[in-house]
2 protein chains.
Amino acid sequence: MTYPERVRIVEVGPRDGLQNEPTTIPTAAKVALIEALADAGLTSIEAGSFVSPRWVPQMADTAAVLAQLRPRPGLRYPVLVPNLQGLERARACGVREVAVFAAASESFSRRNINCSIAESLERFAPVVETARAAGLRVRGYVSCVLGCPYEGAVAAAAVARVAEALLGLGCYEISLGDTIGTGTPLAARRLVEGVAAAVPLERIALHFHDTYGQALANLLACLDLGVSVIDSAVAGLGGCPYARGATGNVATEDVAYMLRGMGIETGIDLEALVDAGLSITRHLNREPASKAARAILSRRQAAA
Amino acid sequence: MTYPERVRIVEVGPRDGLQNEPTTIPTAAKVALIEALADAGLTSIEAGSFVSPRWVPQMADTAAVLAQLRPRPGLRYPVLVPNLQGLERARACGVREVAVFAAASESFSRRNINCSIAESLERFAPVVETARAAGLRVRGYVSCVLGCPYEGAVAAAAVARVAEALLGLGCYEISLGDTIGTGTPLAARRLVEGVAAAVPLERIALHFHDTYGQALANLLACLDLGVSVIDSAVAGLGGCPYARGATGNVATEDVAYMLRGMGIETGIDLEALVDAGLSITRHLNREPASKAARAILSRRQAAA
């Protein structure tokens, strides 16, 4: 088994992690979270989305969040954009990277973004083209890659088709989302092998939710295939408003702890990362969902 | 990679899982838990321990628990015994399997069982001999195999020495305990490879705590080496009274979910297992620590 020497972690807590929180989180708290994540060594931090505030009210202040972030060379703050209007709002904020999102299952596509997979790709084509013409990088998400809440099993070939299409539109990286977290290690591995037939491995990122506690094992199962980009959310924040029970991205702390133990470089300061998580979970009035974070906090308490 | 066709799960919830609970759990609740676990298909269920009730008051009623269990052919209810006196009490209850426990780290051995590793092995020698002469099977635990709360790193060679000694005394199986849950996948794999130089792989069981969220990934990392016995606790119960922050065995539900997804047979009915977990977590007035259990419960609620 050959593992990558280095893994790039894409922190999705401020967006995927918070978008479904029912209580409004002040802009200042989001800014503080993102700055703390940057202090901890994260270099890709999804900062928000320019979707309709009717659908995702928690992300209504993305422009304000972006305006308050301290510019740091080398750091990327991608945002989700559903259409050209969203892209224009992102560009007005000086964003240098955006993300578009399609599903691997027709039913989920219809319920989540109200159109078929093919229609969503058609809709994204001018978004990606315009973004790239303006010098922006575009990331593509594919959801439901290991299962759909409405259809159950999803074929790797279906995921590969959508991933290939997004790559063809001009996305530089395709993030494979186990949106409902039902995947298990061999399925995850076979998925990546299947998608790799259509998309180069160095263009694939893994975005696994921990609903059934499987995310870390699923990541491990794919890491020796040549994938070296992992999406995760500090404190295990997150969920999907359109997939019942789809709680929690895999926690960045747990991923960073595992990779550090395996000698894989991430550039993350784990103690500072735990502090970043605390900055938002204190606000949400709950414990971090990350077990590594809890263990580190318990160790700190014991030392104090 | 070749995974085992079948994994035997040793359910340790009623003993390792409950021994550190601060409030007294009624005997009837323990009996109900064990019966529910047997109903769910578990065939090895650690039912208690005959250690001093001064040290582990929660296990003081082990004889009463055993007396109330419905005999089932093919099922084993092992109990922990620290010495000959404990063994005699276990035999008086008709127990057919006992377990002895040593540590891989000197400091932990002294703090946990108040003697050196060598002294503990000397003490266990007549226990194992007497048990085997009486027709009992004896299992051996080694704790701190991937780290010690007092010494930090623990060498695989040190674990291998203790494991080999326990095997030499007559234990049929050696359970390797990541007592404080600090291990990560490559370390777990190297540990098993190291121990396998001294103990046949089919004699090795994995007993990982999920303190840092790594247990399932660590199990996965060892499964293609030829290990096919996993210790786990329903609802992620557990902890170690002598290792601060050592909370929670890996949850049986999460392990069973992963193995089922990988096509590995366990004989476990996952829905019934979730019910078994509920029978005790309702009593403890908290949610199951198993994410798979929570997801299944959330799905049930949605369907109702």
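Residues numbered from 1 in each chain as written. Chains lettered and ligands numbered in written order. Predicted model: local features only at pLDDT ≥ 70, side-chain atom pairs only at ≥ 80, totals over all residues. Heavy atoms only, no water.

**Some words on the overall build of chain A**
Counting secondary structure elements, chain A contains 12 helices and 9 strands. Scaling as 2.2 N^0.38, a compact globule of 304 residues should have a C-alpha radius of gyration of about 19 Å, and chain A matches this with 18 Å. Per-residue burial for chain A yields a buried fraction of 62% across its 304 residues. Surface summary for chain A: the accessible area is close to 11,500 Å², and the carbon and sulfur share equals 49%. Here chain A carries 29 positive and 30 negative side-chain charges, and the mean point of each set is 2 Å from the other. (Helix = DSSP H or I, 4+ residues; strand = E, 2+ residues; numbered from the N terminus. Rg over C-alpha atoms; globule rule 2.2 N^0.38 Å. Buried < 20%, exposed > 50% of the residue type's maximum accessible area, 1.4 Å probe, protein only. Areas by Shrake-Rupley, 256 points an atom, 1.4 Å probe, with all protein chains shown as cover. Lys, Arg positive; Asp, Glu negative; His and termini not counted. Charge placed at Lys NZ, Arg CZ, Asp CG, Glu CD.)

**Some words on a negative patch on the surface**
A contiguous patch of negative charge on the surface is contributed by A:Glu106, A:Glu119, A:Glu122 and A:Glu151. Under the relative-accessibility criterion, A:Glu106 is labelled partly exposed at 37%. (Patch = residues over 30% accessible without salt bridge, like charges linked within 9 Å, V, L, I, M, F, W, Y side chains within 5 Å. Salt bridge = Lys/Arg side-chain N within 4 Å of Asp/Glu carboxyl O.)

**Quick look at the sheet that holds strand E1 (residues 8-11) of chain B**
Residue and element names in this part refer to chain B. The strand order across the open sheet formed by 9 strands is E2-E1-E9-E8-E7-E6-E5-E4-E3, and the pairing between neighbours is parallel. Two strands bound the open sheet, and with one partner strand each, they are strand E2 (44-45) and strand E3 (48-49). This element, helix H7 (residues 156-169), spans strand E5 (97-103), strand E6 (137-143) and strand E7 (173-178) of the sheet and lies at about 165° to E6. (Pairing = 2+ DSSP bridges. Contact = heavy atoms within 4.5 Å. Axes fitted to C-alpha atoms, helices over the stretch in contact; angles between N-to-C directions.)

**Some details on the packing of helix H4 (residues 84-92) of chain B against helix H6 (residues 117-133) of chain B**
Residue and element names in this part refer to chain B. H6 packs onto H4 with a crossing angle of 25° between their chain directions and a minimal axis gap of 9 Å. Regarding the angle of H4 to H6, the classification is roughly parallel. The chirality of how H4 crosses H6 is right-handed. Taking contact as the criterion, the partners of Leu84, Leu87, Glu88 and Arg91 in H4 are, on H6, Pro126, Val127, Thr130 and Ala131. For the contact of H4 with H6, the per-class residue count stands at 5 nonpolar, 1 polar and 2 charged. (Parallel < 35°, antiparallel > 145°, perpendicular 65-115°, else oblique. Left-handed = near helix turned anticlockwise from the far one by under 90°. Nonpolar A, V, L, I, M, F, W, Y, C, P; charged D, E, K, R; others polar.)

**A short note on the pairing of strand E9 (residues 229-232) of chain A**
Residue and element names in this part refer to chain A. Burial along E9 is two-sided: the residues Val229 and Asp231 and Ile230 and Ser232 are all buried. The pairing of strand E8 (residues 204-208) with E9 spans 2 bridges and is parallel. For histidine 207, the partnering residue across the bridge sits in E9 and is aspartate 231. For the crossover that starts at E8, traverses helix H9 (residues 215-223) and ends in the parallel E9, the hand is right-handed. (Right-handed = clockwise from strand over helix to strand, strands pointing away.)

**Regarding the nonpolar core**
The tendency in soluble globular proteins is for nonpolar side chains to be buried side by side. Membership of the largest hydrophobic core comes to 228 residues, with the highest contact counts inside it found for A:Val98, A:Val142, B:Val98 and B:Val142. In this view, B:Val142 contacts B:Ala102, B:Ala103, B:Ala104, B:Val159, B:Val162, B:Ala163, B:Leu166, B:Ile174, B:Ser175, B:Leu176 and B:Gly177; residues no more than four positions away in its chain are not counted. (Core = buried A, V, L, I, M, F, W, Y, C linked by side-chain atoms within 4.5 Å.)

**Side note on the relation of the copies chain B and chain A**
Mapping one chain copy onto the other needs a rotation about an axis and a shift along that axis. For these two chains of identical sequence, chain B goes onto chain A by a turn of 180° and a shift of 0.0 Å along the axis, with RMSD 0.0 Å. The two molecules are tied by a two-fold rotation axis, judged by turn and shift. Scanning chain B for the C-alpha nearest the rotation axis identifies B:Ala217, at a separation of 2.0 Å. Of the interface residues in chain B, 100% have counterparts in chain A that sit at the interface too, so the contact is made through matching surfaces. (Least-squares fit on C-alpha atoms with pLDDT ≥ 70 in both.)

**Focus: the environment of B:Val138**
All names here are of chain B. Inspection of the secondary structure assignment puts valine 138 in strand E6. Separated by 76 residues in sequence, valine 138 and glutamine 214 place their C-alpha atoms 29 Å apart. Once residues lying within four places of it in the same chain are set aside, the contact partners of valine 138 are Val98, Val100, Val128, Ala131, Arg132, Gly170, Cys171, Tyr172 and Glu173.

**With respect to the packing of aromatic side chains**
Overall, the coordinates contain 6 aromatic pairs over all chains when judged by the stated rule. Plain terms: the ring middles of A:Tyr212 and B:Tyr257 are 4.6 Å apart, the flat faces sit at 20° to each other, and that makes the pair stacked. Taken together, the residues span two chains, with A:Tyr212 in the loop between E8 and H9 and B:Tyr257 in helix H10 (residues 252-261). Look at A:Tyr212 and you get buried, because its relative accessible area is 4%. The ring of A:Tyr172 carries the charged tip of A:Arg137 above its face, separated from the ring centre by 3.9 Å. Sitting above the plane of the B:Tyr150 ring, B:Arg111 keeps its charged end 4.0 Å from the centroid. (Phe/Tyr/Trp six-rings, centres within 6.5 Å; stacked < 30°, edge-to-face > 60°. Lys NZ or Arg CZ within 6 Å of the ring centre and 35° of its normal.)

Bear in mind that shape data such as this cannot, by itself, settle questions of function.
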